[in-house]
Amino acid sequence: MIIRKANINDLKQIMLMYESCVSGMIEKKIFQWDSSYPNQEVIMCDINSKTYYVATINNKIVGGVNLDKKQDVEYQSINWNDKRNSFLVVHRLAVCKNYWGKKIGKKLMIYCEEVVMKKNLKSIRLDTYSENPLAINFYKRLGYNFLGKIDLKPDKSKYYCFEKIIP
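Parameters and conventions
- Residues numbered from 1 in each chain as written.
- Predicted model: local features only at pLDDT ≥ 70, side-chain atom pairs only at ≥ 80, totals over all residues.
- Heavy atoms only, no water.
- Helix = DSSP H or I, 4+ residues; strand = E, 2+ residues; numbered from the N terminus.
- Rg over C-alpha atoms; globule rule 2.2 N^0.38 Å.
- Buried < 20%, exposed > 50% of the residue type's maximum accessible area, 1.4 Å probe, protein only.
- Contact = heavy atoms within 4.5 Å.
- Areas by Shrake-Rupley, 256 points an atom, 1.4 Å probe, with all protein chains shown as cover.
- Lys, Arg positive; Asp, Glu negative; His and termini not counted.
- Charge placed at Lys NZ, Arg CZ, Asp CG, Glu CD.
- Axes fitted to C-alpha atoms, helices over the stretch in contact; angles between N-to-C directions.
- Parallel < 35°, antiparallel > 145°, perpendicular 65-115°, else oblique.
- Left-handed = near helix turned anticlockwise from the far one by under 90°.
- Nonpolar A, V, L, I, M, F, W, Y, C, P; charged D, E, K, R; others polar.
- Phe/Tyr/Trp six-rings, centres within 6.5 Å; stacked < 30°, edge-to-face > 60°.
- Lys NZ or Arg CZ within 6 Å of the ring centre and 35° of its normal.
- 1 Å grid on protein atoms, 1.4 Å probe; cavity = no way out; pocket = protein on both sides within 12 Å on 5 of 7 lines; lining within 4 Å.
- Points joined across faces, edges and corners; volume = space filled by probe spheres on them.
- Pairing = 2+ DSSP bridges.

Chemist: Sorry if this is basic, but what is going on with the overall build of the protein chain here?
Modeler: When helices and strands are counted, the protein chain shows four helices and seven strands. Of the regular secondary structure in the protein chain, the N- to C-terminal order runs β-α-α-β-β-β-α-β-α-β-β. For a compact globule of 167 residues, the expected C-alpha radius of gyration is about 15 Å, and the protein chain comes in at 15 Å, within 12% of that figure. On the principal axes, the C-alpha backbone points of the protein chain span a range of 40 × 35 × 30 Å. Looking at the protein chain as a whole, 50% of its 167 residues qualify as buried. Restricting the contact set of the protein chain to residue pairs at least 6 apart, pairs at least 24 apart contribute 70%. Taken as a whole, the protein chain presents about 9000 Å² of accessible surface, with 50% of it coming from carbon and sulfur. Within the protein chain, the 17 negative side-chain charges are centred at a point lying 7 Å from the centre of the 28 positive side-chain charges.

What follows is the structure, given as structure tokens:
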């Protein structure tokens, strides 16, 4: 597996990967995402910002993640452990459902942690849907600490915020 920065030529494959991931989530009764999000416009913005990474196997995109400094205003209500605000934020981590259970998400998160270290930053912040037990347990297993709940979307349940201090 290779992890690299995405380019605009990857957009179609990235969107197919999200379609697969979302359909798998819906099959498991996880309604965090749908056909309207993540969407092509958001992913194109990530790619143009050079903050989106893809995981490929035999030139097929099987996973992706965005890693940047952008955080929703609701994050201000969380008492983050990194008081120096030396962080990056994980957004839209996804894996093609046919590749679930193959440690691709874990490898993408480890890659994100390596990016944080290379940039001499101290932490990763993220949020995930409170009704997504797979993601909640995944982040906990990787050493991320639950720090609180926020409202991101009016028609959805709460989102849980996690942080990991990177040594």
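Next comes the rest of the account.
Chemist: Got a minute to help me understand the packing of helix α1 (residues 11-27) against helix α2 (residues 40-48) in this structure?
Modeler: Packed helix pairs are specified by the crossing angle of their axes together with the interaxial distance, meaning the distance between the axes. Packing of α1 against α2 leaves a shortest axis separation of 11 Å and a crossing angle of 130°. Comparing the axis directions of α1 and α2 gives the class oblique. As for the relative orientation of α1 and α2, their crossing is right-handed in sense. Within the contact between the two elements, α1 uses Leu11, Ile14, Met15 and Tyr18 and α2 uses Gln40, Ile43, Met44 and Ile47. Class assignment for the residues of the contact of α1 with α2 results in seven nonpolar, one polar and no charged.

Chemist: Honestly, the packing of aromatic side chains in this entry has me stumped. Any pointers?
Modeler: The description of an aromatic ring pair rests on the distance of the ring centres and on the angle between the ring planes. A complete count under the given rule lists 10 aromatic pairs for this structure. Aromatic pair Phe138 and Tyr139: ring centres 5.1 Å apart, planes at 65°, arrangement edge-to-face. For the pair Tyr139 and Tyr144, a centre-to-centre distance of 6.0 Å together with 70° between the ring planes defines the contact as edge-to-face. Cluster of aromatic residues (ring-pair linked, three or more members): Phe138, Tyr139, Tyr144, Phe146, Tyr160 and Phe162. Geometry around Phe87 places Arg125 over its ring, the cationic atom sitting 3.9 Å from the centre. Of note, Lys153 hangs over the ring of Tyr37, and the distance from its end group to the ring centre comes to 4.5 Å.

Chemist: Can you help me understand the layout of surface pockets in this one?
Modeler: Over the atoms rolls a probe the size of a water molecule, and in doing so it shows where empty space is left. Taken as a whole, the largest pocket holds about 1100 Å³ of empty space. Taken together, 40 residues make up the lining of the largest pocket; nearest its centre are Leu93, Asn132, Ala135, Phe138 and Tyr139. Those elements that provide at least two residues to the lining of the largest pocket are α1, β4 (87-95), α3 (104-118), β5 (123-129) and α4 (133-141). Residue composition of the lining of the largest pocket, by class: 20 nonpolar, nine polar and 11 charged.

Chemist: How do you make sense of the pairing of strand β3 (residues 60-68) when you look at a structure like this?
Modeler: Both faces of the sheet carry side chains from a regular strand, because those side chains alternate between them. Where burial is concerned, most of β3 is hidden: eight out of the nine residues are buried. Pairing of strand β2 (residues 52-57) with β3, which is carried by six bridges, proceeds in the antiparallel orientation. Residue pairing in the sheet places Thr56 in a bridge with Ile61 of β3. A loop of two residues connects β2 with β3, the two strands running antiparallel in sequence, and Asn58 in this loop sits at a positive phi of about 50°. Relative to β4, β3 runs antiparallel, the two sharing five bridges. When the bridges of β4 are listed, Gly63 appears paired with Val95.

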